[in-house]
Amino acid sequence: MKTNFVLSILLVMISAPLSWAQDLMPLPASITVNKDRLAIDESFKVAIRGHSDARLQAAVARFVKRLEGRTVYSFAPGLAVDDQLTTLIVHCEGPGLGKDVPVLNENESYRIDITDRQALLSAPTVVGAIRGLETVLQLLNSDRRGFFLPGVKIQDQPRFPWRGLLIDVARHFEPVEVLKRNLDAMAAVKLNVLHWHLTEDQGFRVESKKFPKLHQLGSDGNYYTQEQIKDVIAYARDRGIRVMPEFDIPGHATSWLVGHPELGSAPGPYTIERRPGIFEPALDPTREEVYKFLDVFLSEMAALFPDAYMHIGGDENEGKQWDRNPAIQAYMKGKGIKDNHALQAYFNTRLLKILQKNGKKMIGWDEILQPELPKDVAIHSWRGTAALAEAARKGYDGILSNGYYIDLIFPASQHYAADPLPADSTLTPEQAKHVLGGEATMWAEWVTHETIDSRIWPRTAAIAERLWSPRHVTDVNDMYRRLAVISLQLEELGLAHKKNQDMMLRRLVRTDDIGPLRTLVSVIEPVKEYRRYQQRPQTMLSPLTGVVDATLPDSEAARRFAFMVDAFLADAPRFQLYRSELGQMLADWQTAGAALEPLIDRSPALKEVKPLANNLSVLGETGMEALTYLKLGVPSTPEWRKASELKMDEASKPYGALEFVVIPSVRKLILATGK
Ligand code: ACM
């Protein structure tokens, strides 16, 4: 066990310099690397052969811009004419199925063949070529001889056809530019569905020309005009990304009722919900006027959103308003509708007719799966792979989001382990075809335009890999190595997941002197799951500018610290080097903890993390003491270990909805001093 562990660390170290051809994310289905090397210099030229169209040309133009940005070369404008003088040939066979609107089951495959002389990217469709261009950009490397593309042969296609990112723009509104940069990032990691969660208790974010009170009264003025919606859809289409809207009904619907209380199951009046949570307001499924309204509204939306699917939500409707409404109860009795589930099923069948009339396929959350549900409705599982498999067994298409709730602040490794079709799945091949893929879900209770990128990226790239790459691609260390590379590359697209942190820290400290605070936030994380609200209650109107907002999920420093502690404790003589790096980190914590005190004293917004600053010093000091014992080879006393463990218990307490994530590793050091 121990030997294997050390061996695997050595292999990581040895293979690092050779792995340059594999900084790819998602990893392709097949890649072979050879010794060739295609130089990239000012003479770079790209040609389009075979099918060409505006979308492909725009994609190639974006590719060239990014290549120029990275290399700081100015390439001669225009496409190459002479194949002999062409660096990269993009050969596309045809437009593909989704010529006008990207479609599920588009052929997204491509091949790349790079030799000393030339790179060839070939694809049967424009979307395949777009996917391949991203891979070529990821292959770019450099050394003292210059920029180059490594000699490779790649054959690639996705494992699942549906690879999405849900962005909830209802809890917090996101400007169009935020969506666009996230679409760019999605394209960079080969995601192909933007699931646009447009309506909620807390906001109604789409302009309706038929019922303008919906957005006028339900959005605080923060909604997308229909022109903006079309603009986002076109932007996504250019990147081979479908845009699927969600109108979450009959629950999660308070904002609809502000302008249209007559649709509700209780008289109202209603106001926009400002708290997070699950609320009672629900559309009344027993009144014909409600269906007339939905028919007009959903038909308007069906024309606005060209995607084949419309998501009708359907989750977390507890039916409390239904229970209390005598007219609804009488209706149920009259129709023989036995409970609220059956009533929602009735509602869904009515919705389905409206969607079908508009040529749309219906998809909704787990809760819509009722015995009478027609088989052409798809299930979006937030409850788990078992629910998804059960739906597939019954013949329903489905996608997975359980395991991909990026709002819960779990590490990328955890999302990476979630598989829509796990190895132990008992589905037959025929049933397995119903599992279409999955979606990361960016629920937006606690994100703003400043922080949303850091909650989505880079972790979502690991989910993108799970949904694109072969199932056997599961090496977590290698995933993290490549994730760090991709994270930097996403910055070139304007993503603010890294840069906004310093800006937010400066605002908190109110000077440029953010070093100590940056050290603190590097080893803490926001508390997981739904604990943030319990520990630090806020509403949708609260500023999300605190330390918890500036702190990133999945601490890289903590991972590095844990890696070094494990290696050092497994084989101290071999990993002496890590002892000094560990010592440096611990010393930094101690120094930063002390330096934070005066900064906190003059910045009231930092007061909530004062106990964390103190504990940072304690962690540094205790860790240093442990390292000293280990260095001297003198066992610590049981009293010292006991006292140190108590300090760790104390430091484990969260403050400001933040908690240290290095404590298990410091505990390992403490424990090791007893031997
Ligand atoms: C959900 O998380 N209620 C879809």
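Now for a look at the structure at hand. (Residues numbered from 1 in each chain as written. Predicted model: local features only at pLDDT ≥ 70, side-chain atom pairs only at ≥ 80, totals over all residues. Heavy atoms only, no water.)

**Here we look at the overall build of the protein chain**
And step 1. Helix and strand content of the protein chain: 26 helices and 19 strands.
And step 2. For 675 residues, the compact-globule estimate of 2.2 N^0.38 gives 26 Å, and the C-alpha radius of gyration of the protein chain, at 27 Å, lies within 12% of that figure.
And step 3. By its C-alpha atoms, the protein chain is 85 × 70 × 50 Å across when sized along the principal axes.
And step 4. Taking all 675 residues of the protein chain together, the buried fraction comes to 57%.
And step 5. For the protein chain, contacts bridging at least 24 residues in sequence account for 76% of all contacts bridging at least 6.
And step 6. Considering the protein chain, the positive charge centre built from 81 side chains and the negative charge centre built from 85 side chains are found 1 Å apart. (Helix = DSSP H or I, 4+ residues; strand = E, 2+ residues; numbered from the N terminus. Rg over C-alpha atoms; globule rule 2.2 N^0.38 Å. Buried < 20%, exposed > 50% of the residue type's maximum accessible area, 1.4 Å probe, protein only. Contact = heavy atoms within 4.5 Å. Lys, Arg positive; Asp, Glu negative; His and termini not counted. Charge placed at Lys NZ, Arg CZ, Asp CG, Glu CD.)

**Brief notes about unusual backbone geometry**
And step 1. Here M25 and P26 are connected by a cis peptide whose omega angle stands at 0°.
And step 2. Position of P26 among the secondary structure elements: in the loop between α1 (2-15) and β1 (30-40).
And step 3. A cis geometry characterises the amide bond from W457 onward to P458, with omega recorded as 0°.
And step 4. In this structure, P458 sits in the loop between α15 (452-456) and α16 (459-468).
And step 5. You will see that R510, though not glycine, has its phi angle at about 70°, which is positive.
And step 6. Topologically, R510 is positioned in the loop between α18 (499-509) and α19 (515-522).

**Here we look at the packing of aromatic side chains**
And step 1. If you walk through the whole model with that rule in mind, you get 24 aromatic pairs.
And step 2. Centre to centre, the rings of F173 and Y224 are 4.6 Å apart; their planes meet at 40°, and the pair counts as tilted. Here the residue F173 occupies a position in the loop between β8 (162-168) and α4 (176-188), and Y224 occupies one in the loop between α5 (213-218) and α6 (226-238), the gap between them amounting to 51 residues.
And step 3. Classification of F173 by relative accessible area gives partly exposed; the value is 23%. (Phe/Tyr/Trp six-rings, centres within 6.5 Å; stacked < 30°, edge-to-face > 60°.)

**Focus on the pairing of strand β4 (residues 110-114)**
And step 1. What you see with β4 is a clean split: Y110, I112 and I114 sit on the buried side and R111 and D113 on the side with no burial.
And step 2. As paired elements, β4 and strand β7 (residues 146-156) share four bridges and run antiparallel to each other. Its bridge partner being in β7, Y110 is matched across the sheet by D156.
And step 3. The sheet contact formed by β4 and strand β5 (residues 119-123) spans four bridges and is antiparallel. By the bridge assignment, I114 is partnered in β5 with A119.
And step 4. Between β4 and β5, which pair antiparallel and follow one another directly, the connecting turn spans four residues. (Pairing = 2+ DSSP bridges.)

**Re the environment of S122**
And step 1. Here S122 is to be found in strand β5.
And step 2. In this structure the C-alpha to C-alpha distance between S122 and S109, which are 13 residues apart in sequence, comes to 8.9 Å.
And step 3. If near-sequence neighbours (up to four positions away) are discounted, S122 is found in contact with H91, Y110 and R111.

**Let's talk about the packing of helix α2 (residues 54-71) against helix α3 (residues 126-139)**
And step 1. At their nearest, the axes of α2 and α3 sit 10 Å apart, and the two run at 5° to each other. Classified by the interaxial angle, the pair formed by α2 and α3 is roughly parallel. Of α3, the residues touching α2 (which contributes R55, L56, A59, V60, F63, R66, L67 and R70) are V126, V127, A129, I130, L133, E134, V136, L137 and Q138.
And step 2. Among the residues forming the contact of α2 with α3, the class breakdown is 12 nonpolar, one polar and four charged. (Axes fitted to C-alpha atoms, helices over the stretch in contact; angles between N-to-C directions. Parallel < 35°, antiparallel > 145°, perpendicular 65-115°, else oblique. Nonpolar A, V, L, I, M, F, W, Y, C, P; charged D, E, K, R; others polar.)

**Notes on the pattern of salt bridges**
And step 1. Counted according to the given criterion, the structure contains 51 salt bridges.
And step 2. Between E108 and R163 there is a salt bridge, with the nearest N and O atoms lying 2.8 Å from each other. Here R163 lies in strand β8 and E108 lies in the loop between β3 (88-92) and β4, a separation of 55 residues in the sequence. Taken individually, E108 and R163 each receive the classification buried, so the pair is uniform in this respect.
And step 3. The closest approach of N and O atoms between E650 and K653, which form a salt bridge, is 3.1 Å.
And step 4. In this structure K653 comes out as partly exposed when scored by relative accessible area, which is 40%.
And step 5. Connected through salt bridges with shared partners, the residues D23, E465, D478, R481 and R482 form a single ionic network. (Salt bridge = Lys/Arg side-chain N within 4 Å of Asp/Glu carboxyl O.)

**Side note on helix α12 (residues 385-393)**
And step 1. By the burial criterion, the buried members of α12 are L388, A389, A391 and A392. Take α12 and look down its axis: the buried residues cluster within an arc of 160°, on one side only.
And step 2. Those residues of α12 that are buried are in contact with β15 (378-381), β16 (398-400), α14 (429-432) and β17 (435-442). (Arc of directions from axis to C-beta.)

**Here's the deal with the environment of V178**
And step 1. You can see V178 is positioned in helix α4.
And step 2. The class for V178 is buried, based on a relative accessible area of 3%.
And step 3. With 193 residues separating them in the primary sequence, V178 and P371 have C-alpha atoms 40 Å apart.

**Let's talk about the packing of helix α24 (residues 610-632) against helix α26 (residues 663-672)**
And step 1. With their axes 8 Å apart at the nearest point, α24 and α26 run at an angle of 35° to one another. Considering how the two elements wind past one another, α24 and α26 form a crossing that is left-handed. Seen from α24, the contacting residues are L619, T622, G623, A626, L627 and L630; seen from α26, they are I663, V666, L669, I670 and A672.
And step 2. For the contact of α24 with α26, a count of residues per class yields nine nonpolar, two polar and no charged. (Left-handed = near helix turned anticlockwise from the far one by under 90°.)

**Side note on helix α8 (residues 288-304)**
And step 1. With 17 residues, α8 should cover 24 Å at 1.5 Å per step; its first-to-last C-alpha distance of 24 Å lies within 8% of that length.
And step 2. Where α8 is concerned, the buried positions are V290, Y291, F293, L294, F297, L298, E300, M301, A302 and L304.
And step 3. Where α8 is buried, its residues touch β11 (203-204), α5, α6, α7 (254-259), β13 (309-311) and α11 (340-357). (Expected span 1.5 Å × (residues − 1).)

**Looking at the pairing of β15**
And step 1. Taking every second residue as pointing to the same face, both faces of β15 are buried, with A378 and H380 on one and I379 and S381 on the other.
And step 2. Looking at chain direction, strand β14 (residues 361-365) and β15 are connected through three bridges and run parallel. The residue bridging W365 from the neighbouring strand is H380, located in β15.
And step 3. For the crossover from β15 across α12 to β16, the handedness is right-handed. (Right-handed = clockwise from strand over helix to strand, strands pointing away.)

The values are spatial; any link to function lies outside them.
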